[in-house]
Structure formats: C-alpha cells, structure tokens
Protein chains: 6
Amino acid sequence: MPLKTSTWFILFLNIYLISASDPDASQDFCIPRSEFSSIFLSCKNSSLATVEDFVFSGIKSSKNLNKTNRFSSIPVTSTVFPGLNTLGMSFVRADFEAGGINVPHYHPRATEIAYVLEGKIYSGFVDSSNRVYAKVIEKGEVMVFPKGLMHFQMNVGDSIATILGSFNSQNPGLVKIPSAVFGSGIKDELLVKAFGLSDKVLDKLRKQFT
Amino acid sequence: MPLKTSTWFILFLNIYLISASDPDASQDFCIPRSEFSSIFLSCKNSSLATVEDFVFSGIKSSKNLNKTNRFSSIPVTSTVFPGLNTLGMSFVRADFEAGGINVPHYHPRATEIAYVLEGKIYSGFVDSSNRVYAKVIEKGEVMVFPKGLMHFQMNVGDSIATILGSFNSQNPGLVKIPSAVFGSGIKDELLVKAFGLSDKVLDKLRKQFT
Amino acid sequence: MPLKTSTWFILFLNIYLISASDPDASQDFCIPRSEFSSIFLSCKNSSLATVEDFVFSGIKSSKNLNKTNRFSSIPVTSTVFPGLNTLGMSFVRADFEAGGINVPHYHPRATEIAYVLEGKIYSGFVDSSNRVYAKVIEKGEVMVFPKGLMHFQMNVGDSIATILGSFNSQNPGLVKIPSAVFGSGIKDELLVKAFGLSDKVLDKLRKQFT
Amino acid sequence: MPLKTSTWFILFLNIYLISASDPDASQDFCIPRSEFSSIFLSCKNSSLATVEDFVFSGIKSSKNLNKTNRFSSIPVTSTVFPGLNTLGMSFVRADFEAGGINVPHYHPRATEIAYVLEGKIYSGFVDSSNRVYAKVIEKGEVMVFPKGLMHFQMNVGDSIATILGSFNSQNPGLVKIPSAVFGSGIKDELLVKAFGLSDKVLDKLRKQFT
Amino acid sequence: MPLKTSTWFILFLNIYLISASDPDASQDFCIPRSEFSSIFLSCKNSSLATVEDFVFSGIKSSKNLNKTNRFSSIPVTSTVFPGLNTLGMSFVRADFEAGGINVPHYHPRATEIAYVLEGKIYSGFVDSSNRVYAKVIEKGEVMVFPKGLMHFQMNVGDSIATILGSFNSQNPGLVKIPSAVFGSGIKDELLVKAFGLSDKVLDKLRKQFT
Amino acid sequence: MPLKTSTWFILFLNIYLISASDPDASQDFCIPRSEFSSIFLSCKNSSLATVEDFVFSGIKSSKNLNKTNRFSSIPVTSTVFPGLNTLGMSFVRADFEAGGINVPHYHPRATEIAYVLEGKIYSGFVDSSNRVYAKVIEKGEVMVFPKGLMHFQMNVGDSIATILGSFNSQNPGLVKIPSAVFGSGIKDELLVKAFGLSDKVLDKLRKQFT
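Computed from a prediction, not measured in an experiment: that's the story for all the values here.

Undergrad: What am I meant to see in unusual backbone geometry here?
TA: Trans peptide bonds make up the majority, and among non-glycine residues the majority have a negative phi. Its identity as a non-glycine residue notwithstanding, Arg70 of chain D has a phi of 50°, on the positive side. Assignment of secondary structure puts Arg70 of chain D in the loop between strand S1 (55–56) and strand S2 (71–76).

Now the structure itself:
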C-alpha cells in the first residue's frame, strides 16, 4: 500500500548525512540542494553551483560571548558552509575575553590545527598516557591537537584573544568534558566512585552543567 | 662519517609503529619480528609465521583487580598479540567485582563492541550533544560504543561481571577522563573555571589522580 | 510528468546501502529509520535514538542447528542491529554440536577475531601462498583470521562448542566455498578441469550444494 | 505542509553520487537502478542484477577523432558501465592518429596504468618538483601515472596508436590544462602575469580554448 | 650491548612492506631502492628516479603455459615493477591455450577489471549469495570482478586467448580455491564433511594439489 | 656477506616517508627523531616528546617576496613542523604585494581552506568541466579549493595581502602550472600542438620557466 506524500515529507526532513564519510569524494564537490539543506543526500547539479557556494563570510567577527566562560566559538561545517560537503575539512573561530577559557574537550573525528589570530593563549592537550603538552602561544603561532585527544585553552593576556582552528573532517564532532560527564545524566553512584567526589560536590557539578 | 653500530641500536629501539594505520594492509598479515617486538617496522618472513602467531591465550582469566575501582582489564593489541599487526582489530577483557566500575573513558581511534560474558552491568555512552544512552545489560547481551564517544560501566550485580570488548583499530587508544583531566597537570586556574570547583576540591582531585 | 506516489514506494523498497562504506562516518552514529529498515539511506533524527538502538539481545542462545553440518550461526549486522550502521563493525555467534563444522569460507570485507565461549575447536585459515595455520583452541582463547583469507572450524570436543566472532566491517560478507564452487552453476567443464574430478563425482557435488 | 509529488521528482533527477567515495563498499556490488541512471542513490535489488551489468562492450572500436588533436577517448565510468559503481575502478580507451596528441592533463582522484594496445607513443608525466619522466613506449608496454600528476601523450608512429588506461577510482576526474587555464575565464591580468604572455597571445589562446 | 652489523643485515633482508597500504600515499611516488628490492621500506631519493622506473616491458609476450591447465599468467606488482609502490594499483597478463582455464580464485584485496586482448573466454564470478554471473566475452570486451569475490575463466575459442587484468591494490593477493582447499593441509575429516567426499576422492584431490 | 656500517648510513639518509599515508595513524602522534629528520621511519619515544614538538612559530612574518610575482609562501609540512607527522594536516602562509599573484596551481593530495588574514584577493578555482569559480575575498573571509582542482590568487588591493591555507594531508604536494608545463622539458612538438603556440612564443615561455 503506497504511503501518503505527507509521510515522505517526514522521511526527508529526517534524512541526515549518513555517508559523506571523509575519504575522497568521487566528484569534484557536492553542494547540497539549498531547499533541503538538512538533507545532505542530494547535490545541486554541478552546473548550478556558484562561487558563493565556496566562499564563507560568517567568521569576520565574533559572536556574543558566553557569560560563564567569557568564550564564544563559531564552528563552520557543511551545515552552514555547504561547499565543504564531502571535501573532508571544516573550521572554527574562537574568541576569548581576558581570562576566558575553552573547557577541556575533544573532537572524535579530526585533528585540529589552531592558529592564533590575536592575543596570548595558554593552550594544550593530553595524550593517551595522561601527559599534558601545554604552553602559552601568541599571535601568529600554531599548535596542533592530534585526532581525538583532549585539549583546552585559556586567554592569559589582558585583551581579547582569537583563534582560527582547522579540522581534517567535515564534521569533527565536539565533546565538552564538564557537560558530557556531569551534565548528561550518568548514574550518581558511578560518578561518585569514578571521581571520588562527595554527593554534595557532585550535586553542585550536576546543577552547573545540566 | 659513518655512525657507530651502537648508535644504530639506539635508533632501532626507539622505532615505533608509524605507519600501520588501519586501512587494508597490502599483504595477508605481518608478524613483527619477535626479537624486535618494540619495532613494528619489520615483518617475519611470512614463511616463518606459525599458527601460534595468530592465537592468543592470555585472557582466559582476569588479572588482579585494581583496589580503588574493583576493576581490571587486559587490553590485547599487536604489542602482546603480534598477529593483529596491520589487521585493523584488537580486543580487551574487563572484569568487575560487585560494584566495580570502569571510569568514563573513550577510545580515540575505534568503535567498541562489548559482549557481556558474565554478570549484570550498567553500561552506557554519551553522544556529542551530551545525551546519555545507558542501561543494565546482562550475560549474552551486546552494546556498541561509537568511535570516539565517552563510555563507562559499573557492575550492578552481586557477583563478578566480565566483558569482552572488540575494536576496529589495532591500537584504539584509551583516554580515562578522571586522570586525563585531574592527573595530567593542566593549570589549576583553567580547571577551577572549567568545572566551577573550589581550590580545595580540585586539590583533592589532583592528589587522587596524580 | 510526475511519477505516482506508488512508484516512489517501489523506488524506496529497492534502495540498499550504497555508501555506508567502512571509513569513519561523519556523525556520531546513524540509526536507520525503523519503518524503512531495508533503506539505509536515512538516519533517525539523533534526538529520537534510544539506548535500545545500541544494545542487542539476540545472541543469548543458539538457533536450531543445520542438520548436515551440526552447525548454526547468527550473523549480526546493521540489518538486525541498526545501531551498527556506519560504525564499521559487526559480529556473529556460531554454535557447533560435537563434530559439527563451519565449512571453509571467507569474508571479502573484514578481518575476524574469534573468541571461544565454550568447547574445543579445531580452527584455522589458509594464506595466499596456500599454507594452513590451524590448531585446536579452547574456551577463552582467541584466533584472528586476516581479511579475505579462507578459514574453517570443527568442534573436536564431545559437547556443544560456541564462538563469538567480531568483524571490522559493518557488512563483512560471507562466501562458503563448497556452495560457491559447486552450488552456483559454474560450467561443468571448467569445474571438471579445475578440480580434476570425474563427471560422476562432480554431479554428486552439484546435487549436494544446489 | 507536504511538497507535491512533482517536486519530489525534481529532487530525484538532481540527486548525484555524493557518497560513493572509493573506499571498500559494504556490499558485493551496487548496480544503480537503470530507470534512474542519473541517481546513484539506489542499487537494484541484487537478485535482479545480471551478468550484463558486469560486462562492457563499448570500447571495441574508437570514436571519431577530434579534428584539432587527431585524438579521441572513451572514458568508462559507472555512468556508462553501472557495474563499476562503488567498486573503486574505471578505465578509458584512447586512440591517436599519426601525430595525434593527448594534451597535458591530470586526474584529481586516481592513479592511471596505461597499456599500449597499438602503436608507438611518446608518453610522460611531471612530478611536483617539475621533473619530467617521458619516453616512447610501444605495443605491450605499460606506463604508470601517479595520482594527481600531470601527464601527456603523442603518437610518434606513422599509424593509429591506441592505449587502454585503468584508474583506481570510479570517477577519476579529468583536468585538461590548456582549456582549464585558457578556456575557463580566469582574469586576463592574472594569466598575463602568470605566463608572461602578451595580451595578443593570450587573446589567441582564449579564442582557441573557449 | 650493540648487535653485530651482520645481524642487522639479516634484519633488513626480512623487512617486508608493512605499511604501504592502499590509501593515498603522501608523496608523488616511492621507488624502492633497487639494491634492497625485497625491502620496501626505503624510497630512492626522488631525484634519482628515472622514467624507466615507471615503464614496464615484461608482458609483451606470454610465459610458458602450465601443462595441466594450459594457462599462464604474469602478475605485475611493485615487486617486479617498482614504480607501482604506494600507488594503489597493479596488473596481470593471462594467456590461455584453447580449452585452457584459470581456476576459481579470488583476490582478497582488490577489484579486478579484465580486458580481453585476444580470443573468446567464458568468464564469470560468484557473489556472496552464491549466484553466478558468467558469459563468453570477446576481444575488446571488459568484465569487472568485484573485490574479494570468487571468479574464473576458460578459453572457449580454438586459438590462444589473452586477458589484461588491472587491480586497485598494489598487492591484490591471490587465493586459488583448488589448492587452497585441497593442497594446504586442512584436516581430512573437516574436508570430507564439508564437501561430502569419500576418503578415496579426497585422497585423489590431495595428491593433485599438494 | 654483511654490508659495511658506512653502507647502512647511506641507506638511511635516503629513507623517505613511504607509508605515512593520510588515514588515521595508529598512535596518538609520531615525532620523527630529530637527528634523522629526513627519515620519517622512526618516532621519538613518545615520553621524549615535548610541547615544542606541537607548536610552530615560523609563520609570524612573511619571507622575502619573489621578484617576478611579488608573492611569497611558507609551506608548513612535517618536514619543518615534525609534530604534524602522521596527523593528516599541514598549512601554508602566503603573502602578496599589491598586484602580486599566486600562479595557477593545484595540490594533488589535499583540499585547501584559505582564510584571508589581510587584504583583498581575487581568488578562484576551475572544476573538471572547465568552469571557473572566482571572486574577490576580503579579510576574515574563507574560500575552499576542492582536492586536486586548479586554483589561483591575485592581490587586487593596494597593500600587502596575506592568506593562511590549511590542508587535509600532511604532504599536499604542489604543481605550478606554468613551470610544470613549460619548465619541465616536455617535447616542443607536443606543447606547440597542445597550446597552438608558435615556436617563438614557446621558446620565450621555456626560457622564462626553466
């Protein structure tokens, strides 16, 4: 029995990028059809692509900063910059007020190259044997964060600091440790044991990140 | 001027697996030469490989359990099971006493399939939008942890519980959140801000995981 | 001229997994929409995924054994365990009565790690220079079968034997040599020449495997 | 509000192969549904595939030669030979009249192996340090052009020459230098500076390749 | 204690290609140093590469045919054509006398494109649901054998037939079913059960393929 | 007969990066041993790695500009920034005087994301159907150049312009069209035919780029 067209509609609004994994695509590029921007299953006929599809102007300035961390970021993936679709890269602009931090986090699917556009930033990562590699980097310096390793940053200067990060995946993913651990709803008993925390402290952490 | 043979020796003892990334290898297999087990640069002539190179007997029983977490694991990669070298897989046996936990952790380079050999285990992972997927799984059940996502386990039964995990990388890597965050030496100021902890609590956590 | 909705329906029922090849996916996971389980083109909106999507309970016990070989297996791919979709892994439970065999076969798209859950099994593989690597492995032991190489098993104990196999592909494929060679309809003349068989023996083999 | 079926139709005619990148496919093969040959999103139900899907007869003879270069080629990708879809290979037949040339070009997504079916051909490529590797190759000889490097050919014999090229991508892509540089519409000022050409010569080149 | 130079020598003669798996290499090419042709660990300084490294002349004519099958083949991998190293391709020339056969076999690591240079050849493969795809192909026709699937050929014409096969791996591997199954030393009991053969017939097959 | 140590020395100085292709590495990172910086076969023992290995300070300012094109670039690969080794990324800083150009070129092994640090730049690429995608981009804007496609830039402002480019390969490669075509030594006859140039003009071009 044929489904109703309306049903198809629901089907399509829920189609997500299954298969644009990050190996070589097998065409020059694939601009998703704008009228189905949430559906990365269909490319515009390449003759309809324009230069605008390959240029992005949305990171000229920063977003409003997050009150708590005095930090803001603008991640740019194929969702907002369709030209990136199937090309295996994406990027991010991150801004820090004096003292602002980018909490410990990692990208499950990419290595990151971070270039300091402005300011002095304490920046580092932890390898899988728990050694930290961290130092203050300045305007024009570059730090690399190996794929999947936890990293973090803090503006240690007295003015705004800005970083441009590039990734070798079109969708690197982002796991922020504080909220993933304390804000996701893992059983209290497990967290209390894992971190050796009192219920009181755990409770405080939960409230903060949920 | 030629180097001294002794210098070469040093060179070799420090050679590690650079390039056995996890795509198809281009030979059937590659058994590292046992006399250089820390050097995965050279395969035994394949005519010298034996069936013993492809069989592993080291996870028939558990190791001594770690006092704190009442948990122990035996990771099996090509370092201890040379036959795995270049084949893109590895595995692990994990044992939990009643109440024992496997702290929140992730594998930067692999998806994991966990099969419950024995017991009742609260098991779950957190996706990159901070949603937790967790439940109690029992003997004979299987849970999958997508590549790079943070996951955790706790024995909620009243006897020993055991899991067999398989990975789609010959070296999945392991990042344990508590020690990576609090035991690696990240600047106090950053951690205090990131987790909203008092210096006192942070100090306690540091001691615990360093 | 627009097609009828009914035609679309046919289109969709014939859509198969083209592109979920086994490299990194570019999202955390992709649960196929259950109402189109034969169509791996669309993921559930990830907010609709539940822990049940990532847990599988179908291999707690064995299936009925195949009369001839006193062997049965339950292959678990994303077709029956949707959570595996795009994650690059799958697994299988295999049960053997005393004397039961798993005929020589290979998986075109994966390496296999076989863990003995129960029993004593003569297990081995053949490399591409026709050398066999085989021995009897027991409960708790693991054997690895390199990608694409022919392997086989036989229960040499006097009770049920069970194996858990894991694969580094979400769809490893399976080619059983006896039926592929003698049951697929290859020209008699070619088979007679290739194996140096009499027409009579070939005829017997054909009947058996068709 | 549901879209009209007619709209869907447009959607589908514009769906292109996004994701059949060249890693292992996760099924044996995928024959695109012929009634949607421009839509490589759906495979025929494999039970409907026939041997004809895997055999190609379209390069038994050459096409008409291009007047200017006395050269013609028949590229064979999954567009004309559906059986190649997802298998990571394609090929080409190239014919040269005496003196005919295949202009400097490259394939962004594949290495090429060129086998001389007939004739004597001056053939070569340039590596990324601008060194040329070129010589005359004859019937039965093979030359390899590494992935992405510029290469070229000229029939230096006095009769027809023919080459069979194979690629390790199902869609290698083709960039012909003369038309890409002078026929695509790059700003005159840039080309004049890049090649040190007079406007007059540039103008002549433009006309020729546009 | 430093090893003796002589020991190193042994080390090196046993180094094989571990890591040149088939993804993109990260240089234009890598010509193995000829004085260590069995050691694919070191590339010639690229400035020492010559055009001869990229041209192969060894398949202009056939080898002596194998008595039994009236068949011969010349596989060309980086072992004999060093220029192929790290480029992800290789090829083969196969010659058949009238009635000659290429026994059922498969390549664990590559798809094959077979082009008929001469003659009429019954050619086919079997998919993983045991369906055969076979027909007679003629001069100028092409058949594709999907990665890892079993295939076979027989010259059904009355003169020599020749095929040129190309692979998308630098080392596709080759498993010949008759010798892998009956010539490798798999336990008799298992083979008797797997194929339903009498000990007498099995014995005959063993003799033939060992 | 053992080789002399001195011979080994020669061997090692000519070892290049064969196998660090760009898929996932199978360790966190691999810092090449500095005393053998031209040998990417050996990683420092990871316990000897320091944060300095992961920070690069060499692109804070530009190099001297090239007279002809009023352009300079500083490519940063693992050769100068060892921490990038096996991580699948690299980057470049490019500076343009007013009117300066980056001649048409392509990277055989990577997609590039170009971020404008300063100035107004006419920037574009040509796809494999010879369509150009070009426009003037300004400070803070980003343009993506799909893998393997020819691209180019010109400073159309009246002051210095600077670009930061990131690549998804540790060694993207660089083919500059003018010198690859006219400076590499391709036979005159072929170039004359391919571009329809007079011998006089060709001669001029040759001189310029050799």
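Undergrad: Explain the packing of helix H3 (residues 188–195) of chain D against helix H4 (residues 199–209) of chain D to me, please; I cannot follow it from the model alone.
TA: When two helices pack together, their arrangement is given by the angle between their axes and by how far apart the axes lie. Residues and elements named next belong to chain D. At a minimum axis separation of 10 Å, H3 and H4 run at an interaxial angle of 110°. Taken together, the axes of H3 and H4 lie roughly perpendicular to each other. The crossing of H3 and H4 is right-handed. Facing H3, whose interface residues are Asp188, Leu191 and Val192, H4 presents Asp199, Leu202 and Arg206. Its residues placed into classes, the contact of H3 with H4 shows three nonpolar, no polar and three charged.

Undergrad: For this particular structure, what's the right way to read the interface of chain F and chain A?
TA: Note: interface size is frequently given as the accessible area lost on complex formation between the parts. Facing the 50 residues of chain F at the interface are 50 residues of chain A. Taken together, both faces of the contact between chain F and chain A bury some 4000 Å²; the carbon and sulfur share is 64%. For the interface between chain F and chain A, the tally reads 17 residue pairs in polar contact (both at pLDDT 80 or more). Broken down by secondary-structure element, the contributors of at least two residues to the side of chain F that touches chain A are strand S1 (55–56), strand S3 (90–96), strand S5 (112–118), strand S7 (132–138), strand S8 (142–145) and strand S10 (161–167) of chain F. For the side of chain F that touches chain A, the leading source of residues is S7 of chain F, giving five residues. Judged from the two bridges that link them, strand S1 (residues 55–56) of chain A and S8 of chain F form a sheet pairing that is antiparallel. By the bridge assignment for S8 of chain F, Phe56 of chain A is matched with Val142 of chain F.

Undergrad: Which parts of the structure should I look at to understand the packing of aromatic side chains?
TA: Aromatic rings considered in pairs are described by the distance between their centres and by the relative angle of their planes. Within the structure shown, the criterion is met by 65 aromatic pairs over all chains. Note on Tyr106 of chain C and Tyr106 of chain E: the rings are 3.7 Å apart at their centroids and 5° apart in plane angle, and the pair reads as stacked. You can see Tyr106 of chain C sitting in strand S4 (residues 101–106) and its partner Tyr106 of chain E sitting in strand S4 (residues 101–106), one on each of two chains. As far as the burial class goes, Tyr106 of chain C and Tyr106 of chain E line up, both buried. Here the aromatic residues Phe182, Phe195 and Phe209 of chain A together with Phe182 and Phe195 of chain B are joined through ring pairs into a cluster of three or more. Here the basic side chain of Lys187 of chain D rests over the ring of Tyr122 of chain F, its NZ or CZ set 4.9 Å away from the ring centre.

Undergrad: Sorry, what's going on with the pattern of salt bridges here?
TA: Opposite charge on two side chains allows them to pair when their charged atoms are near. Residue and element names in this part refer to chain C. Applying the stated criterion across every chain, the model contains 54 salt bridges over all chains. For Asp203, the salt bridge is made with Lys207, and the minimal N-O distance between the two is 2.5 Å. Taken together, the positions of Asp203 and Lys207, both in helix H4 (residues 199–209) and four residues apart, correspond to about one turn of that helix. The partly exposed category is assigned to Asp203, whose relative accessible area is 38%. According to the relative accessible area criterion, Lys207 is exposed, its value standing at 59%.

Undergrad: How should the sheet that holds strand S4 (residues 101–106) of chain F be read in this particular structure?
TA: Picture the strands of a sheet paired through backbone hydrogen bonds; they go either parallel or antiparallel. With antiparallel pairing, five strands are arranged side by side in an open sheet as S7-S6-S9-S4-S11 (chain F). With one partner strand each, in any of the chains shown, S7 and strand S11 (175–176) of chain F form the two edges of the open sheet. The pairing of strand S6 (residues 120–126) of chain F with S7 of chain F spans seven bridges and is classified as antiparallel. Among the inter-strand pairings, Gly124 of chain F is bridged to a residue of S7 of chain F, identified as Ala134 of chain F. Contacts between H3 of chain D and the sheet are confined to S4, S6 and strand S9 (150–155) of chain F, with S4 of chain F contributing the most and set at about 85° to the helix.

Cut-offs used in this document
- Residues numbered from 1 in each chain as written.
- Chains lettered and ligands numbered in written order.
- Predicted model: local features only at pLDDT ≥ 70, side-chain atom pairs only at ≥ 80, totals over all residues.
- Heavy atoms only, no water.
- Helix = DSSP H or I, 4+ residues; strand = E, 2+ residues; numbered from the N terminus.
- Axes fitted to C-alpha atoms, helices over the stretch in contact; angles between N-to-C directions.
- Parallel < 35°, antiparallel > 145°, perpendicular 65-115°, else oblique.
- Left-handed = near helix turned anticlockwise from the far one by under 90°.
- Contact = heavy atoms within 4.5 Å.
- Nonpolar A, V, L, I, M, F, W, Y, C, P; charged D, E, K, R; others polar.
- Buried area = accessible area lost by both parts, 1.4 Å probe.
- Polar contact = N/O pair within 3.5 Å; in protein donor to acceptor, adjacent residues only side chain to side chain.
- Pairing = 2+ DSSP bridges.
- Phe/Tyr/Trp six-rings, centres within 6.5 Å; stacked < 30°, edge-to-face > 60°.
- Buried < 20%, exposed > 50% of the residue type's maximum accessible area, 1.4 Å probe, protein only.
- Lys NZ or Arg CZ within 6 Å of the ring centre and 35° of its normal.
- Salt bridge = Lys/Arg side-chain N within 4 Å of Asp/Glu carboxyl O.

Any functional reading would require information beyond the geometric quantities listed.
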